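Observations on the three-dimensional arrangement
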Amino acid sequence: MVQQIAIIGAGNIGHDHIRRIAGSVAGARLSVVFDVDTDRAQEVAAEVGARTVAGVDPLIAADDVDAVIVASPGPLHPEQTLACLAAGKPVLCEKPLGTTVEDCLRVVEAEASLGRRLVQVGFMRRYDHGYRQVKRVLDSGEVGEAVMVHAVHRNPEVPASFTSDMSLTDSVVHEMDVTRWLLGEEVVAVTVLAGRRSPWANAHLQDPQLVLMETASGVLVDVETFVSCQYGYEVRCEVVGSTGTVSLDTPSFGAVTSAGSRGRAVPGHWRERFADAYRSELQSWVDGMAAGQVTGPSAWDGYAATAIAVAAVEAQTRRQRTVVELVDKPALYA
Ligand code: ISE
């Protein structure tokens, strides 16, 4: 059966998802689009032969909608995800699940009381070939027990509206999720250090920053976030094990021969770097629904990542190590 997918939000990431569902995901079709910008919604819907609706409620209730992608601005995610749960429809909610811990918990509690998983959160790095390889090696025991992780997250530039805390809540939130997924344990504390500012950083932006996470078993995870690095988009991750190390295999973007040297091109944008991961995330979501099971990053994962991000913003503001506290995990997510 072909899954009929609706999308809330036809902005950048929403538009990408729409094109992917229409063009490169099997077993699904994009049926309905809603965006507050009605012209944009119509334009994007027309590209893929979908229809538009006037609001979120009619979209969720529609007969030609089996599942929903939430790609609206972050603060709207919890209400829209809760509305999908109330209608019993599977939902792929872009990250973050919510911008506050309380909002995320409302989603976790609503889903737990339903007793079945309908929510998947858009942490697409879990579908990246390189990260999956790192996890496979780690899980095999080949490099022993993880003792440290070193990570780098660089963007060439960000819009003027990007703030120092967004480096944590919008960018490093991916490493927060990846840390929990790779190591299979929770983060218990976070520290954020700000050093010398790059001359390229926007006036109000502290950039780069160094984030240090500590996991329940004591693994230390350092993440450099540098969102105005100028040269390209780059993500690195090395897990140091007790008997070896395993590093993220960054896909090759072609050889460049120029100005007397030959090297590998660096992607210019996360869209390019993680294009395969996004496609695979959507395919696996659609396949899961066809099999009656949502198995990707859960509402609990969304809640835990937001809890770490919120603690990191506090650590940044107060300039001190901040403990991450989570509620007891409902059995649904065991
Ligand atoms: C952006 O919002 C994303 O989600 C990208 O994956 C991330 O790498 C980038 O830093 C964020 O700004």
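So, here is what we can say about the structure in this document.

What counts as what
- Along each chain, the written sequence defines residue order, and numbers are assigned to residues from 1.
- Selection of residues for local features in this predicted model requires a pLDDT of at least 70, selection of side-chain atom pairs for listing and counting requires 80 or more, and totals for whole chains, interfaces and linings are taken over all residues.
- No hydrogens and no water enter the side-chain calculation; it runs on all heavy atoms of the structure.
- Joining through side-chain atoms within 4.5 Å is the link that ties buried Ala, Val, Leu, Ile, Met, Phe, Trp, Tyr and Cys residues into a set, and such a set is a nonpolar core.
- Each residue gets one of three labels from its accessible area relative to the maximum for its type: buried under 20%, exposed over 50%, partly exposed in between, using a 1.4 Å probe on protein chains only.
- Segments assigned H or I by DSSP are reported as helices when at least four residues long, segments assigned E as strands when at least two residues long, and all are numbered from the N terminus.
- Here a residue-residue contact requires only that any non-hydrogen atoms of the pair lie within 4.5 Å.
- The nearness test applies per residue and asks whether one of its heavy atoms lies within 4 Å of the molecule or strand.
- N or O atoms within 3.5 Å of each other form a polar contact, as long as, within protein, one can give a hydrogen and the other can take it, and as long as residues adjacent in sequence are counted only when both atoms are side-chain atoms.
- Working definition of accessibility: Shrake-Rupley area with a 1.4 Å probe, residue cover restricted to the visible protein chains.
- Residues are sorted three ways: Asp, Glu, Lys and Arg are charged, Ala, Val, Leu, Ile, Met, Phe, Trp, Tyr, Cys and Pro are nonpolar, and all the rest, Gly among them, are polar.
- Strand pairing is assigned whenever DSSP detects at least two bridges linking the two strands.
- To get an axis, a line is fitted to the C-alpha atoms, and for a helix only the part in contact is used. The angle between two axes follows their N-to-C directions and goes from 0 to 180 degrees.
- Should an angle fall under 35 degrees it is called roughly parallel, over 145 degrees roughly antiparallel, and 65 to 115 degrees roughly perpendicular, with every other angle called oblique.
- Here, a salt bridge means any side-chain nitrogen of Lys or Arg that lies within 4 Å of a carboxyl oxygen of Asp or Glu.
- Working definition: a ring pair exists when centres of Phe, Tyr or Trp rings (six-membered ring for Trp) sit within 6.5 Å. Plane angles under 30 degrees give stacked, over 60 give edge-to-face, the rest tilted.
- Only Lys NZ and Arg CZ are tested; either one counts as a charge over a ring when it is within 6 Å of the ring centre and within 35 degrees of the ring normal.

**So, the nonpolar core**
Counting residues in hydrophobic clusters, the biggest one holds 96 residues, and the most contacted among them are Ile5, Val33, Leu59, Leu182, Met213 and Trp285. When residues of this core are assigned to their parent elements, the largest contribution, 12 residues, is made by helix H10 (residues 299-318). Contacts of Leu182, omitting those with residues within four sequence positions, involve Tyr131, Val134, Lys135, Leu138, Asp139, Cys237 and Val239.

**Some details on the site of the ligand**
By nearness alone, every residue bordering the ligand is listed as Lys95, Met124, Arg125, His153, Asn155, Asp170, Ser171, His174, Tyr233 and Trp270. Interatomic distance of 2.9 Å between a side-chain N/O atom of Asn155 and an oxygen atom of the ligand. Here the ligand has 300 Å² of accessible area as a free molecule, and 91% of this is covered by the chains. Of the residues contributing to the shell around the ligand, the split by class is three nonpolar, four polar and three charged.

**So, the sheet that holds strand E5 (residues 91-93)**
Judged by pairing direction, the sheet is parallel, and its six strands sit side by side in the order E3-E2-E1-E4-E5-E6 without closing on themselves. Whereas interior strands pair on both sides, the edge strands pair on one side only; in this sheet they are strand E3 (51-52) and strand E6 (119-121). As paired elements, strand E4 (residues 67-70) and E5 share three bridges and run parallel to each other. Bridge pairing links Val70 to Cys93 in E5.

**Considering the packing of helix H6 (residues 129-140) against helix H7 (residues 164-183)**
Relative orientation of the contacting elements H6 and H7 amounts to 30°, with a least axis distance of 9 Å. By the angle class used here, H6 and H7 are roughly parallel. Where H6 abuts H7, its residues Tyr131, Arg132, Val134, Lys135, Leu138 and Asp139 lie against Glu175, Val178, Trp181, Leu182 and Leu183.

**Concerning the pattern of salt bridges**
Across all of its chains, the model carries 19 salt bridges by this definition. Here Asp139 ties to Lys135 by a salt bridge, and the two come within 3.3 Å at their closest N and O atoms. In this pair, Asp139 and Lys135 both sit in helix H6, four residues apart, roughly one turn of the helix. Judged by its relative accessible area of 53%, Asp139 falls in the exposed class. Taking relative accessible area as the criterion, Lys135 reaches 19% and is therefore assigned buried.

**Looking at the packing of aromatic side chains**
What the rule picks out here adds up to four aromatic pairs. With a centroid separation of 6.2 Å and an interplanar angle of 80°, the aromatic rings of Tyr233 and Phe274 are classed as edge-to-face. In this pair, Tyr233 sits in the loop between strand E10 (220-226) and strand E11 (234-241) while Phe274 sits in the loop between helix H8 (270-273) and helix H9 (275-290), placing the two residues 41 residues apart along the sequence. Taking relative accessible area as the criterion, Tyr233 reaches 3% and is therefore assigned buried. The rings of Trp300, Tyr303 and Tyr333 are connected pair by pair, giving a single aromatic cluster. Note that Arg271 overlies the ring of Trp270, its terminal NZ or CZ placed 5.5 Å from the centroid.

**Thoughts on the sheet that holds strand E8 (residues 187-194)**
Pairing within the open sheet is mixed, and its seven strands lie in the order E12-E11-E7-E10-E9-E8-E15. Two strands lie at the open edges of the sheet, namely strand E12 (245-247) and strand E15 (322-323), each paired on one side alone. With seven bridges joining them, E8 and strand E9 (residues 209-215) adopt antiparallel strand pairing. By the bridge assignment for E9, Thr191 is matched with Leu212. Packing against the sheet, H7 makes contact with strand E7 (146-154), E8, E9, E10 and E11, and its axis sits at approximately 35° to E9. Along the sheet, H10 contacts E8, E9 and E15; its crossing angle with E8, the most-contacted strand, is approximately 40°.

Bear in mind that shape data such as this cannot, by itself, settle questions of function.
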